[in-house]
Amino acid sequence: MRVRSLLGCRPTMQAAIGAMRVRALAAVAVATLAAAGVARAETVAVAASTGDALTAAALQAANRKAAELGWTLVGDGVEGAAAADVMASCALDDRDCVRAAAGSLAADVVIWLRVRNGDADGARVLIGTLIDPQSGEAKAVETRQCAACTEAGIAELAADVVAALRRTAASIGPTAARLVVRSRPSGARVSVDGAPVGATELRYGVYPGDHTVAIDKPGYRVAVRRVHIDAGETETVDVTLERSGGGGPRFGAWKWVAAGAGVAAVGAGVAMIAMDGDRIEGGVRQAERRETLAPGIATAVVGAALVGAGVWMWR
């Protein structure tokens, strides 16, 4: 009977094991989808009102730069123009109005570009605003100006504005990555992807991906590191700077002056020490005695210190 009962339970046990497998596979699938969601690229919509050729050139360059920096572009020029027109009509403090316009583009962030006339004839001002569609809040504003702007000139400004806004978005967005830079000695200048961002020790928000970090301090060789940072991760760059050859620009000719003066002083001190004692002229001991021991020692000590300083400057 017991054997029969065990055999009778076999289908039930197999069903239980099958259910466990299904649940395990489901858990793996959910985890995979969650990871994919975290690692997804941010989407951006660049909005600019339909305008002249300069505005069109700025919009095209901004879209190209955004894609180059890892953003996924959504929306088209028509949708962006409509949203930009609405935002232009919103009051500055009316977030509901801005949120409705920016939210219609279905992007994680919106860059609103505007081209305005400058003070001088032919001058143009390009204004780029980073907007959070969820809140309607302007997170950052970048302004660039050019005199007698051409389409190529305004395109260059637009690319620079988008790059600056990308750095800001990376430091506040949900997919931001963090970069920590330390150096010995501290206080070294730090550039990320060619843009100065501060001095060590530094914590800086960047967008996920590859970055080039340069650490520079007068008198030391420039240290360059290339790093890859995933979304939500923190990468630490820790370097010990090497002194540049010849002591670096901080000392220049002073290392030569110190070393030369030191050698001369040591020589003079040794000569003075040797001269100390009775003075003899023509084989006859003179009544006057040379007291040069103490000054000679002092001179030699100072000379040795100068030589040491010169050697240190050369390191």
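A brief structural summary. None of the values given here were measured: they were computed from a predicted structure. (Residues numbered from 1 in each chain as written. Predicted model: local features only at pLDDT ≥ 70, side-chain atom pairs only at ≥ 80, totals over all residues. Heavy atoms only, no water.)

## What about the pattern of salt bridges?
Summed over the entire model, instances satisfying the criterion amount to nine salt bridges. In this structure, the salt-bridge partner of Arg 144 is Asp 160, at a minimum N-O distance of 2.6 Å. With a gap of 16 residues between them, Arg 144 in strand β5 (residues 137-146) and Asp 160 in helix α5 (residues 151-172) connect regions that are remote in the sequence. Relative accessible area serves as the criterion here: at 36%, Asp 160 is assigned to the partly exposed category. (Salt bridge = Lys/Arg side-chain N within 4 Å of Asp/Glu carboxyl O. Helix = DSSP H or I, 4+ residues; strand = E, 2+ residues; numbered from the N terminus. Buried < 20%, exposed > 50% of the residue type's maximum accessible area, 1.4 Å probe, protein only.)

## Some words on the nonpolar core
Ranked by size, the top nonpolar core spans 31 residues in total, and within it Trp 71, Ile 111, Leu 113, Leu 126, Leu 130, Ile 154 and Val 162 carry the most contacts. Per-element tally for this core: the top contributor is α5, with nine residues. (Core = buried A, V, L, I, M, F, W, Y, C linked by side-chain atoms within 4.5 Å.)

## Looking at the pairing of β5
The side chains of a regular strand alternate between both faces of the sheet. The pairing of strand β4 (residues 124-132) with β5 spans nine bridges and is classified as antiparallel. Within the sheet, the bridge partner assigned to Leu 130 lies in β5 and is Ala 140. A loop of four residues connects β4 with β5, the two strands running antiparallel in sequence, and Gly 136 in this loop sits at a positive phi of about 75 degrees. (Pairing = 2+ DSSP bridges.)

## Some points on the environment of Leu 293
With respect to the secondary-structure elements, Leu 293 resides in helix α7 (residues 293-314). Between the C-alpha atom of Leu 293 and that of Ile 273, which follows or precedes it by 20 residues, the distance is 4.7 Å. Those residues within four positions of Leu 293 in sequence are excluded, and the remaining contacts are Ile 273 and Asp 276. (Contact = heavy atoms within 4.5 Å.)

## Quick word on the pairing of strand β1 (residues 43-48)
Within β1, six of the six residues are buried, leaving the element largely enclosed by the surrounding structure. With burial as the criterion, each face of β1 is covered, one bearing Thr 43, Ala 45 and Ala 47 and the other bearing Val 44, Val 46 and Ala 48. Summarising the sheet, β1 and strand β2 (residues 72-73) pair through two bridges and their orientation is parallel. Following the sheet pairing, Thr 43 is matched in β2 by Thr 72. One crossover worth recording links β1 to the parallel β2 by way of helix α2 (residues 53-68), and it is right-handed. For β1 and strand β3 (residues 109-117), the ladder comprises five bridges, and the chain directions are parallel. Counted as the bridge partner of Ala 48 is Leu 113 from β3. (Right-handed = clockwise from strand over helix to strand, strands pointing away.)

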